[in-house]
Amino acid sequence: MHTLNCSGWRGGVVFWLALWVGVFTAPAESINPKWQAEIAKLTLTQQDSPAPDGVILFTGSSSIRRWDTLAKDFPRHAVLNRGFGGSQISDLIAYFDRLFGDVKPSQIVIYSGTNDLNAGESVERVLGDLATLSGMLRVALPETKIAFIGAAPNPTR
């Protein structure tokens, strides 16, 4: 797992360079209607039972969505699973307000990128999307720590 560390002047330079690459290489995203129902289900759950401030929010693709033992695996922490299977980083950007707008997490754990690469996205595009998402999170949730679980090789793909 990689934590985006933007402290110090070197971290700041890396962050702003990555953000610049993301902003100027990633075209505007549109909402993929394929995820509408799943996102609605995730956010309805939040309306019924709001997550406490300081929750650790997990999001990304099916590896997160299928993590059924998340609360048991982190018994000393409040956790919230907002994974949706098959998603790409661009989907996290497109659904940003619905995924992150109603919670005040202390940390966000993201597993995404594998589906992007499998769909033929270039490494530069994936990095640009990640930089864009990171920049959006920094603006919306400046005190929140961000952890990114890097894309892992998948022999079946």
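Since the model is a prediction, treat every value here as computed from it, not as a measurement. (Residues numbered from 1 in each chain as written. Predicted model: local features only at pLDDT ≥ 70, side-chain atom pairs only at ≥ 80, totals over all residues. Heavy atoms only, no water.)

**Q** Is there a simple way to explain the overall build of the protein in this structure?
**A** Looking only at helices and strands, one finds eight helices and five strands in the protein. Listed N to C, the secondary structure of the protein is β-α-α-β-α-α-β-α-α-β-α-α-β in terms of helices and strands. Of all 157 residues assigned to the protein, the portion counted as buried reaches 42%. Considering only contacts within the protein whose residues lie at least 6 apart along the sequence, 75% involve residues at least 24 apart. Total accessible area computed for the protein in this model is approximately 9000 Å², and 58% of it derives from carbon and sulfur atoms. (Helix = DSSP H or I, 4+ residues; strand = E, 2+ residues; numbered from the N terminus. Buried < 20%, exposed > 50% of the residue type's maximum accessible area, 1.4 Å probe, protein only. Contact = heavy atoms within 4.5 Å. Areas by Shrake-Rupley, 256 points an atom, 1.4 Å probe, with all protein chains shown as cover.)

**Q** Mind showing me how you'd approach the pairing of strand β4 (residues 107-111) here?
**A** Look at any regular strand and the pattern is simple: side chains alternate between the two faces of the sheet. Burial runs high along β4: four of the five residues are buried. Here strand β2 (residues 56-60) pairs with β4 via five bridges, running parallel. Looking at the pairing, G60 lines up with Y111 of β4. Two elements, β4 and strand β5 (residues 145-149), share five bridges in a ladder whose sense is parallel. When the sheet's bridge partners are listed, V109 is paired in β5 with A147. (Pairing = 2+ DSSP bridges.)

**Q** Sorry, what's going on with the confidence of the model for the protein here?
**A** Low-pLDDT stretches of the model should not have their predicted coordinates read in fine detail. Put simply, the protein has an average pLDDT of 80, and 74% of its residues get 70 or more. For the protein, per-element mean pLDDT is lowest for strand β1 (residues 2-3), which scores 46, and highest for β4, which scores 95. Every residue in residues 1-5 is under pLDDT 50, and counting partners more than four places away or in other chains gives 13 contacts. Ignoring residues within four places in sequence, the model shows residues 20-29, a span with pLDDT below 50, making 16 contacts including any to other chains. (pLDDT = per-residue confidence, 0-100.)

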